[in-house]
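Fold and contact review
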Amino acid sequence: MDSSTNSLPAAMQFSPLLKKTAPMPILTALSSSQSLNIIRGDFPPSSKETFFRLLTAQLFIICFPTGVDPVNPSLRTSGCSDKRCPAKPPRGRYAEWNRTSRHLIRVIKPRRTPLHPSAPFPRGTAGHVIGAEGEGSAAPAFSGPGIGAVQLPAGALCAGRAGSGPALLLLPLAFRERMMWPRRAGALGWWLLLLRLAHGVTGGRPCSPKRFGRDALVCVCNSTYCDTHEPVSLPPAGFFVRYETSKSGKRLERSQGAFRRQAAPPDLVLVLEETQRYQTVKGFGGSVTDAASINILSLTPDTQNHLLRSYFAEDGIEYNMIRTPMGSCDFSTRPYSYADWPEDYELEKFSLAMEDLKMKIPVIQRAKAMSKKPISLLASPWTSPIWMKTNNNWKGKGSLKGKAGSKVHKTWANYFIKFLDEYAKHNLTFWAITAENEPTAGLLTDYPIQCLGFTPERQRDFIALDLGPALANSSHKDIRLIILDDNRVHLPRWAKVVLSEDSQARRYIHGIGIHWYLDLIAPINDTVTPTHQFFPDYFLLLTEASAGFQFWEVSVVLGSWDRGNHYSQSILANLNQNVIGWVDWNLALDLEGGPNWVKNYVDSPIIVDVGSDTFYKQPMFYHMAHFSKFIPEGSRRIGVSIVQRYGSCHLEYVALIRPDGAAVVVVLNRTGKTIPFGLSDKMGLIVTEIPPNSIQTYLWRRE
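Rules used in this analysis
Residues numbered from 1 in each chain as written. Predicted model: local features only at pLDDT ≥ 70, side-chain atom pairs only at ≥ 80, totals over all residues. Heavy atoms only, no water. Helix = DSSP H or I, 4+ residues; strand = E, 2+ residues; numbered from the N terminus. Buried < 20%, exposed > 50% of the residue type's maximum accessible area, 1.4 Å probe, protein only. Contact = heavy atoms within 4.5 Å. Areas by Shrake-Rupley, 256 points an atom, 1.4 Å probe, with all protein chains shown as cover. Pairing = 2+ DSSP bridges. Axes fitted to C-alpha atoms, helices over the stretch in contact; angles between N-to-C directions. Disulfide = S-S within 2.5 Å. Right-handed = clockwise from strand over helix to strand, strands pointing away. Salt bridge = Lys/Arg side-chain N within 4 Å of Asp/Glu carboxyl O. Patch = residues over 30% accessible without salt bridge, like charges linked within 9 Å, V, L, I, M, F, W, Y side chains within 5 Å. pLDDT = per-residue confidence, 0-100.

Our focus in this paragraph is the overall build of the chain. In terms of helices and strands, the chain carries ten helices and 29 strands. Expressed as a percentage of its 703 residues, the buried residues of the chain come to 60%. The contacts in the chain between residues at least 6 apart in sequence include a share of 73% that link residues at least 24 apart. Accessible surface for the chain amounts to roughly 27,400 Å². Of this, 50% is attributable to carbon and sulfur atoms.

Structural data, given as structure tokens:
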């Protein structure tokens, strides 16, 4: 068999394993003596991976019997009449004949033989047919390094209309997904499903796994390989898709099934309540800090692109929000501001730093260029120039000199405008700014990182007299202003002070930012819930979170499933309490959890190993993906009620209606057991289950 693509028929010149961005065609005009050649695709970086990893471990071929029109099975061109048709396929067709759906289904599964890519691969020993039971045909033969041949059964019609010759649609299932084919699907529904798979899905590259312990798995990326995820494609009406990530090793594994209208419901059913409408979601994202930029730009160009695409591209997890510090923070290599010349009240020497011009701005610009969705930018200051502060120091207890309305306060307010002006020169405009990052930190003696102290009263007055008017009178008057930007333990009191009825600041304010670092001592029902009840016209946004921040914790734990669980648990809890989005901290850190000039190291969804030009996608990354990729901006949360026969519900979940009208449900199982459950909507009932220590996202059309 010739391994050259030039020797193949024209219909076979394309391989989705090689060109993942093009639509998958329906291959036609293959005779029974021909084989489908699968040309070698991209290998994961490790040579220890299974030789046939390029085949994504499973291939599904959907076939129709000869003479049957897939669109209208009652129209047969040959072979049998309307009422008489063979109960099983003639000899030579190695697959089961499903009399109900009139489909021949065969699964070709390459044997997972550890073999180096350069080693010869004996013909006829690499694969076997599941469900074939030797129906008069040998197993598919594979030969030559990186080439597989699937022999077609004589006379079979595979995913094509009836005609003089067979037609074939080969579905390479990205990241080893398992298709859940409905037992009772109409022929038209099947045909539409096949067309959807053929033309609407380009496939993705599977994770290249590496373990750092029994249950600690990361996905490895470098300059030549990185796992990707197919663009979101909704199935036909009556079907659903499911994505699953698990402690056992699944990473956004896709499967598909059908609604049932007459099935007995399981003991636990989650019922979507469309009439109960709540907040509209803004989105999900991460932060471009100095440290994140340093780590990203330390990689080779191809590896950089893989990292940024992983976060922002359509074949990544599609973040739509970026937070960036206004000046330095602890995740910088030095403390600095944009106006470090004392008593420069007119800010004549204001200028962006090298960290902005050479690192943060280029990274943000590249991220925006890669994204098909608008990316909303959020900026937060950690500290003013030290000559404006009472303690004349970057760290420790210190506030702005004077009172609201004073010369220093006016200068600090104009500093925000200067920052926005300078970034606008680089075609970067901001959706929102926060008045101060963690304003309570600057009220603490010996606080170890950059800070600027505000009480709620001082923040209220600064906004009312200085920052609010400065923004309103600038070209940035439409920017959203967010208060607090600190741990939710300060709610609802902080909001009650700043947004009180007699407050002159409230007219300039749009939202309330929260961090997650003291959530353990500040239950969400005592903080976020009453805040929304008191101030429903002001949005709530989680603006910062990171794992490994406690002093007793190891900063970076490669492959930690528990930290991914913590992310999803927080996102679900916040979404269910009217929070509009969730923004992670650093996009990427090094193996130590930095750089950080005060050694305040933490973990990150992506960890960079500069020495090997490699980065690791942590479980946190994939937990974030279950929200960011499938819940676009403009989605609206709806209610969910529980129908349960006995016991208590151990699942955590959220349901939303997307702008395209589709439903999306995210379900988290943090227990050690499989939990059967159902999802009930106007489309019918989904009967499913969620394995232990896993997270799932379900999508379906509602019309």
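What follows picks up the thread again.
Let's shift gears to the sheet that holds strand β9 (residues 217-221). Spatial strand order, β8-β9-β23-β22-β21: five strands in an open sheet with mixed pairing. Strands at the two margins of the open sheet, each flanked by one partner only, are β8 (209-211) and β21 (589-590). Here four bridges tie strand β22 (residues 606-609) to strand β23 (residues 614-617), and the two strands are oriented antiparallel to one another. Along β23, the bridge assignment pairs isoleucine 607 with tyrosine 616. The sheet contacts of helix α10 (residues 619-628) involve β9, β22 and β23, and relative to β23 the element is tilted by about 55 degrees.

Tallied over the entire structure, the rule returns two disulfides. Paired by a disulfide, cysteine 207 and cysteine 219 hold their sulfur atoms 2.1 Å apart. Of note, the bridge from cysteine 207 to cysteine 219 carries an S-S torsion of about -105 degrees and is left-handed in sense. With a gap of twelve residues between them, cysteine 207 in the loop between α1 (187-200) and β8 and cysteine 219 in strand β9 connect regions that are remote in the sequence. Each member of the pair, cysteine 207 as well as cysteine 219, carries the same accessibility label: buried.

Moving on, we come to the pairing of strand β20 (residues 579-586). Across the eight residues that make up β20, a large majority, eight, are buried. Where strand β13 (residues 283-287) meets β20, four bridges bridge the pair, whose relative direction is parallel. If you follow glycine 285 over to β20, its bridge partner there is valine 583. As defined by bridge partners, strand β19 (residues 539-544) adjoins β20 across two bridges and the pair is classed as parallel. In the sheet register, leucine 542 faces β20, and the bridge partner there is tryptophan 582. Considered for its hand, the β-α-β crossover made up of β19, helix α9 (residues 561-575) and β20 is right-handed.

Here we take up the pattern of salt bridges. Throughout the structure, instances matching the rule amount to 25 salt bridges. Here arginine 460 ties to aspartate 461 by a salt bridge, and the two come within 3.0 Å at their closest N and O atoms. Note on aspartate 461: relative accessible area 30%, which makes it partly exposed. Put simply, Glu274, Arg277, Asp681 and Arg702 are held in one network by salt bridges that share partners.

What follows covers helix α8 (residues 524-534). Among all positions of α8, only Ile524, Thr527, Val528, Thr529, Pro530 and Thr531 are buried. Packed against the buried residues of α8 are α7 (493-498), β18 (511-515), β19, α9 and β20.

In this section: a nonpolar patch on the surface. The grouping of Val489, Leu518, Leu520 and Ile521 at the surface amounts to a nonpolar patch, some 420 Å² of accessible area in total. The residue valine 489 is located in the loop between β17 (480-487) and α7 in this model.

Our focus in this paragraph is the confidence of the model for the chain. For the chain, per-residue confidence averages 78 on the pLDDT scale, and residues scoring 70 or more make up 71% of the total. Within the model, pLDDT remains below 50 along residues 1-202, and this stretch shows 424 contacts once partners closer than five positions in the same chain are excluded.

Looking now at unusual backbone geometry. That bond from leucine 491 to proline 492 is cis: its omega, 5 degrees, falls within 30 degrees of zero. For proline 492, the position within the fold is in the loop between β17 and α7. At the junction of glycine 594 and proline 595, the peptide bond is cis and its omega measures out at 10 degrees in the coordinates. Its identity is not glycine, yet leucine 252 carries a phi of approximately 50 degrees, on the positive side. Tracing the sequence through the fold places leucine 252 in the loop between β10 (239-246) and β11 (253-258). At leucine 347, a residue that is not glycine, the phi angle is positive and equals roughly 55 degrees. For leucine 347, the location among the structural elements is in the loop between β14 (321-326) and α4 (354-370).

Most of strand β29 (residues 694-700) is tucked away: seven of the seven residues are buried. Of the two faces of β29, the one lined by Ser694, Gln696, Tyr698 and Trp700 and the one lined by Ile695, Thr697 and Leu699 are each fully buried. As paired elements, β10 and β29 share six bridges and run antiparallel to each other. Paired with serine 246 across the strands is serine 694, a residue of β29.

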